[in-house]
Every structure is written in structure tokens, then in C-alpha cells.
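Structure assessment
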Number of protein chains: 2
Amino acid sequence: MKKETLENQALRTQILIFDPPEKKAVFKSPPPKRDNLDGKNLGFSDVMPKAELADVKPAVQVLENGDVQFRFYAPNAQKVEVAGWGGGFSRERNPMVKDEEGWWSTTVSGILPGFHYHDYFVDGNRMVNPDGLCGYGSFYGVNFFDLPTDEDEFWFLKDVPHGDVRMEYYKSSVNGRTKCAWVYTPPGYDAETDKYPVLYIQHGVGENETGWIWQGKLNLIADNLISQGKCKKLLIVMNSGYAFTEGEDPVFFPGDFDAELTKDCIPYIEGKYRVLTDKHNRAVAGLSLGSIQALFIALKHRELFGSVGVFSGGFPIKRPEYDYTDYFNDAERVNSDFDLIFVSGGDNEGFLQGTLPAIEKLRARGVKITDYHRPGFHVWDVWRYSAYEMLQKLFM
Amino acid sequence: MKKETLENQALRTQILIFDPPEKKAVFKSPPPKRDNLDGKNLGFSDVMPKAELADVKPAVQVLENGDVQFRFYAPNAQKVEVAGWGGGFSRERNPMVKDEEGWWSTTVSGILPGFHYHDYFVDGNRMVNPDGLCGYGSFYGVNFFDLPTDEDEFWFLKDVPHGDVRMEYYKSSVNGRTKCAWVYTPPGYDAETDKYPVLYIQHGVGENETGWIWQGKLNLIADNLISQGKCKKLLIVMNSGYAFTEGEDPVFFPGDFDAELTKDCIPYIEGKYRVLTDKHNRAVAGLSLGSIQALFIALKHRELFGSVGVFSGGFPIKRPEYDYTDYFNDAERVNSDFDLIFVSGGDNEGFLQGTLPAIEKLRARGVKITDYHRPGFHVWDVWRYSAYEMLQKLFM
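Residues numbered from 1 in each chain as written. Chains lettered and ligands numbered in written order. Predicted model: local features only at pLDDT ≥ 70, side-chain atom pairs only at ≥ 80, totals over all residues. Heavy atoms only, no water.

**Regarding the overall build of chain A**
The condition is simple: Strands here are runs of E lasting at least two residues and helices are runs of H or I lasting at least four, both read from the DSSP assignment and numbered beginning at the N terminus. Radius of gyration: over C-alpha atoms. The globule rule applied is 2.2 Å multiplied by the number of residues raised to the 0.38 power. Summary of the burial criterion: residues with accessible area below 20% of their type's maximum are buried, those above 50% are exposed, and those between are partly exposed, where the area comes from a 1.4 Å probe applied to protein chains only.
From N to C terminus, chain A includes 10 helices and 22 strands. Relative to its length of 396 residues, chain A is compact, with a C-alpha radius of gyration of 23 Å against a globular reference of 21 Å. Principal-axis analysis of the C-alpha atoms gives chain A an extent of 75 × 50 × 50 Å. Counting every position in chain A, which comprises 396 residues, the buried fraction comes to 63%.

Next comes the structure, spelled out in C-alpha cells:
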């Protein structure tokens, strides 16, 4: 592994902080008088005591030989373990050893390159490591790290022009709540007057609007591709895919996100941004649960979307919620409706056994489908590669 | 407390997710074949097993009588406690009680209204609650909640036009790293052609560029004030205040942030955004450590900044790093240099005993200083009010 690979800032960026400091202030004792409610004799030094600077110990450190060091601070614990989520980092728990300061650590060999959600177990309880990279997954805060390879530079932070990521609030007509969409605008958007195509892209179950940025590094992937002239300048809109209403029955789809996207989000985006509004310049994609949402929405609204990306969700043309079997019997119609049907997945998560044969059946009928797969599990490195590949074929 | 107060979405927004879903998918068992590296016989259902939807139990729930319920999931723990950081929520640990599912809970009375960082202790180890609101504080992930009052609506999420929050990358000439600034642009920025004034505002020690949005709700404060015509439309730029270089000695200021702000960030912002670039339309402010950074930078660069805000940092005109005693002896010069010197703090953190007398001394010499204080500790509710007050006086 190249030294620059291990040192790229993208490996340290996370939802809690973009560039974690190398040093931190350590407060040796709590301010003594902070509970003094009457405020008498309180000075600044009473509420903010003197601090010493100490080096930050990263929770996860990838070594040049590919081994990974983990650390967790729990001075009063009896047992601390770390384990992956399966796939490239086994669910088997790795025991950690405590030093005299209360830091537990271990070095694990044999983890496969890629993105790894992982858990710490403190005396048998799953815990978040506050010193580690953190994102929203599994419906709460969860730690992750990347074991990179030199091939990963397509999602690295480089000295290229960077687009913005903007938080946009819009109102959901489904449940009346204010939603936050994250919007990537390409480098130069503010200075130019062009109109751009838009990709709407969804996260997986348990994740949210922040996943494609902090886990997926999608803004960096787009920055890098655009700087090389390998993809169209475009906007990318990332939504939280949950649109539950009160008292709603449990169903596969988490509420009527279809309505929220098409009736609320898209009109909001198109009213505010300089974007192209014909179907050939509007795409929807997603990963896992989000890929099924994307496929369903694209098939239902063929007047709105000219391209669809289905990452790690198979290619289900029939489900309890819909049945497009007849539609896909008419290959000419499908090929006329869609500029791009992009289907991807990891070799180790069923793509070869399940998805590819399903695609081949449709191809035998003449349906045009672009597929992409690579070694990998149901995890973010496959989805980064999927986005990287799809962006180079989208809106062309 | 009004029902609408407890239900405002701003009480639930956090760095990990803007609008947490009411339900979550629960996976009853891990996918059995996920560790099967050769990929044989893997189907989608092997990697993503069937899930059931369950109601989300919020980690913190404020009751209408002002009591606060806390929950923490740790089925194998022997003891779980919750405690505040002092001030309005005591450092005394409150024991929690386990139910049969493994959730620990307790209801705490007597917590004062306001913003509360707090800690959970699992068998004596400080832990982050992954089900709770989370932000970056104390140099890592930390939980917080608000015990609101009906007066708090100035920072609530309302049906008013919302500005954007944008993530901007720029290069630090101090340490060569790429920095991320969060930039608030006012409602209408994209559609209008006006130029706007800019406030640069800093976080406290252990916090970062995200603090003023997720803890401070500064974008919502500005949205609400602008909608009422109570403050100028402006840009607000939030930076991480750490500019450490390798091997740097421990000092009070965390690196040469002064250089980073004035040489790197401001030129970047002014090259990209439609902003006014005279000193009367440029301000710098901060809280706690950030307030001293702001004061130092404003005094050093009086050609750049016409206004300064010092929240909860006293008003130190002399420190080991600088001495402006002589300067402040010349009140006419100070009053000519600054349109606004805004100094604020909480009554219970030393403002009345320390800061106000220092200000009065300068006032006696003729220096114009606007002060603001209210009941409160060294904590975000005082800083939200400080920003709310300062914004109504800034650039007028």
C-alpha cells in the first residue's frame, strides 16, 4: 500500500468532524464551582479550567501491512471486544487488552480491503466508540473505517475543484414534517449559468440522507470524475427515504417516499436550482432498500425518470407492491423509456447467483441493461464503485 | 410548557440525522451466510434478512412537567447511570433501572431548562448513547438534549423561508490540510443578485465547524430573524478552529487559526460568494475559546473586521499572546475602529462577577461596548441567545 493511500484525508472524514485534530485539550479536573447556581464568586477559570494538550489516539489505525489496530477507552471494563459485520471483517469478536491508562487495544489481521461498519462490545454490550469515525447506520450511530487499497483513490480527497454539499429543507406532504435533503452542486455551479441534470440517490435501510456523503464519499467521487472530464457536471440529491405516517402498518417500503420525492422534493429542487427538467436529465438510484425504492419509483414514473440505478438490490420486476412482468415483456418499450438501466452488486452478496441470471433473462428478450459487479459484499465499497461506474454512463 | 414547544422538530435534529424516523427495522438474526467468502449460494435474503418494523424509543424524552426520561440499551450491564455536565444538570450520577428487554431507564426531576451535554456511565465507563442526539464536543461524540421553554421558539424550526448550509472545502496554508467550512446562505441567496455582509463565527474548545448548526441551531435563528425583518440578510461562516502543525508545542490557541482564517478562508469565501468586502460588512465572533480567538483576530486585523462578538470568554484585552491595554486607553480610536463590540455571557458562569466589571472599566474611559447577559451557565443556550441578540445589532 502506498504511503499516500494511508494518509489521504478522506480516510478520516466523518459525520462528526471533517478533519479531526491531532491534539486535544485534556481537562484534568472538572470545574469545581459549576454547580453553584447562585453564581457567586464564579470566574471564567471556574467554569473552564486549565487544559493540557495531548495527542489524539485514533480509535482505528490501518497499518501498512494491512493489519488494523483498534483502541477503545473503558478503564473500568472487564472485557472489551471488537467485531465486524460479516463479509470482509468477520463477526467473530476479537478480544482487546487493557493498558494502564484504561485504553483497550488489539491488532487484527486478515480483514479484507473495503469499508467496514463494526461494533465494540464492552462487557458484552454493543457500544459506539466516540473516538472513532461515526455515521448513521442501523438506525443509530455506528462506527466505521476503511481498509483502503491503492485503487481507492477515485473516492479520495484530492486537489481538484470541489463542489458543495448543501442542506435543503422542504416540507413533506406525506407526513407534514420538514425534511432535509443534501444536495451536491458541481464545482463552478455558482459562477456558471448552465443548467444541469440531476441524480436522486437513496441510502440503505437504517441509513439516511448523510450516508452517501460520509460513508459513500459521493461528492468526492463526483469531484474527481468531473475534474477528469469523465462524467457530466450534475446535481446529486440525497434524501432520507423514510416517510412514515402515524399509526402506519409495518411494510417493506418505509412510508410513501415515492410521493414525497415526486410531489415535494423534485418540485422544490427544480424551483430553486438551475437544473434540466426533462426526463432524459433526471435519474433515480439507490442501494439495497434504496435501490428497490429507486426501481419502483422509476418504473412508476417513467414520464419523470430516464435513467435508474439499482445497487445491491437484485432486479425485482415483481414484488408484493408492484408487478412489471408485462412491461418487461415489451423490450422495445422499455428501451425507449429508459436511456440507462444500471444494475450492480458485489460478487459475494449474490449478484452472480441471483441478479445476473435475472438480468440475462431480460436481455434475452432484448431489454438493454448495463450491469456492473466486482468482488465485494453488501457494503459501501461496492456502492462507491457502483456510483463511480454509473456516473460515467449517466446523461451521456 | 406548550405542547407545540415539546413537539418542535428542532428538538430532534442532530448531526447524525435531521429527522429521526418513528420506526426502525429490526433484524431478528444476522444473515447466516454473510461470511461465506466464495459467494456460493448467496441470495439477497442471505445478506439482508427479513426485518420487522418496531417503534423507536427515544433515548431522551422531556415530559410536559419538565421531568426528563432517559433510556440506554445495555442488556448485559450491571449498572447504568446518567449525569449532566454541571450547571443546569448536575454531575451527580442518576442510577437507571433495567427492564426485561435490556433497556435501562430513569426519570430525572429538577433539571433546569436549557441545552445539556450529558454522559452515560455503563458499569462506570463513560459511553455514548447511540439512540440519543449526538454532536461533536470534548473532541469526540457526545450526547445532548434540550429542555425547552416556550421562550425558545427563536431557534425552533418554523414554516419560514430557510437558508442553506453548505460545506465548503478550502486549503489551509498553515498545515496544508483541506479544511471544511460550513456556510449559511440566507433565504433567496440563489435567486437574488445582492451582495451580503459576512459573520465568521467560532465554536468552543472540543467542538468544531458543526457546532453552531447542530448544537447552536444558528441557521434556524437566522432564518427566523430574517423572516421577521429583525436582522440583515447575511452569510455566516463556521470553521473548525484547529490549525495545528506537526510537532507544535501546546499553547492556548490551537494553532495559527488567525492566519488560516484571514489568508485562506476569507479570500476563498469572497472569491466564491456574493459578499460585501469592506470591514463594516465583515464580523468575527465566537464562544468560549472561540471568543478569545475572535477577539484576538478582530484586534489584530482591525482593517478587516468592523464588528466582534465575544460570547462567554470574558473580555481579555491582555493575555500572554497579546496586549491591547494601550489601544483601549484610546477610546476614540476603538470607537472609530469598531461598529459593534458585543460581549455576552451567562449570569451563572462569571459574567456578572468577572466580565461586566471589566467592561464597565472600559466604558468609564468612553469605549462603546454592547453587553448581553442572561441566567445561564457556560453552555449553548446562552450562546444561542447571544447570537440572537448580536444578529439584531450587527451590520446596522
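Still to come is the rest of the account.
**So, the domain arrangement of chain A**
When the parts of a complex come together, some accessible area is lost, and that lost area is often used as the size of the interface. All names here are of chain A. Inclusion rule: Note that the domain bounds reflect an automated or database-derived domain assignment. A contact between two residues is defined here by any heavy atoms of the two lying within 4.5 Å. Buried area is a sum: the accessible area each of two parts loses on coming together, probed at 1.4 Å, counted once for each and added. When a carboxyl oxygen of Asp or Glu is within 4 Å of a side-chain nitrogen of Lys or Arg, the pair counts as a salt bridge. N or O atoms within 3.5 Å of each other form a polar contact, as long as, within protein, one can give a hydrogen and the other can take it, and as long as residues adjacent in sequence are counted only when both atoms are side-chain atoms. Ten residue types, Ala, Val, Leu, Ile, Met, Phe, Trp, Tyr, Cys and Pro, are classed as nonpolar, four, Asp, Glu, Lys and Arg, as charged, and the remainder, Gly among them, as polar.
When cut into domains, chain A gives domain 1 (3-20 + 56-149) and domain 2 (158-391). When each unit is reduced to the centre of its C-alpha atoms, the spacing between domain 1 and domain 2 is 30 Å. Contact with domain 1, which involves 19 residues of that partner, is made by 15 residues of domain 2. Together, the buried faces of domain 1 and domain 2 total about 1,400 Å²; carbon and sulfur atoms form 62% of this surface. Three residues stand out in domain 1 for area buried against domain 2, namely Phe-115, Tyr-136 and Phe-139, and they jointly supply 37% of the buried area on that side. Note that Arg-384 is salt-bridged to Asp-146, the shortest N-O span being 2.8 Å. Our count for the domain 1 to domain 2 interface comes out at 10 residue pairs in polar contact (both at pLDDT 80 or more). Within the residue set of the side of domain 1 that touches domain 2, elements represented by two or more residues are β9 (114-122), β11 (134-137) and β12 (140-147). Looking at the side of domain 1 that touches domain 2 residue by residue, the classes come out as 10 nonpolar, 8 polar and 1 charged.

**Description of the interface of chain A and chain B**
Threshold: Two strands form a pair only when DSSP identifies at least two bridges running between them.
Taken residue by residue, the interface counts 96 residues in chain A and 96 residues in chain B. For the chain A and chain B pair, buried surface summed over both sides reaches about 8,300 Å², with 58% attributable to carbon and sulfur atoms. Inspection of the chain A/chain B interface yields 8 salt bridges. With its nearest N and O atoms 2.7 Å apart, the salt bridge here joins Asp19(A) to Arg177(B). At the boundary of chain A and chain B, one finds 25 residue pairs in polar contact (both at pLDDT 80 or more). With 7 residues, the single largest contributor to the side of chain A that touches chain B is strand β13 (residues 164-171) of chain A. Class assignment of the residues belonging to the side of chain A that touches chain B gives a composition of 44 nonpolar, 26 polar and 26 charged. With 3 bridges joining them, β13(A) and strand β13 (residues 164-171) of chain B adopt antiparallel strand pairing. The partner of Arg166(A) across the bridge, within β13(B), is Arg166(B).

**Thoughts on the relation of the copies chain A and chain B**
Just so we agree on the cut-off: In this comparison the copies share one frame, found by least squares on the C-alpha atoms of residues holding pLDDT of at least 70 in both.
Mapping chain A onto chain B is achieved by rotating through 180° and translating by 0.0 Å along the same axis, at an RMSD of 0.0 Å. Those values place the two copies in the arrangement expected of a two-fold rotation axis. Of the C-alpha atoms belonging to chain A, the one lying closest to the rotation axis is found on Arg166(A), 2.1 Å away. Of all interface residues in chain A, 100% are interface residues in chain B too; the two copies therefore contact each other through one and the same surface.

**Let's talk about the pattern of salt bridges**
Across all of its chains, the model carries 44 salt bridges over all chains by this definition. Between Glu192(A) and Lys233(A) there is a salt bridge, with the nearest N and O atoms lying 2.7 Å from each other. Here the residue Glu192(A) occupies a position in the loop between β14 (178-185) and β15 (198-202), and Lys233(A) occupies one in the loop between α4 (218-227) and β16 (235-239), the gap between them amounting to 41 residues. Several salt bridges converge on common partners, so that one network encompasses Arg166(A), Asp190(A), Arg166(B) and Asp190(B).

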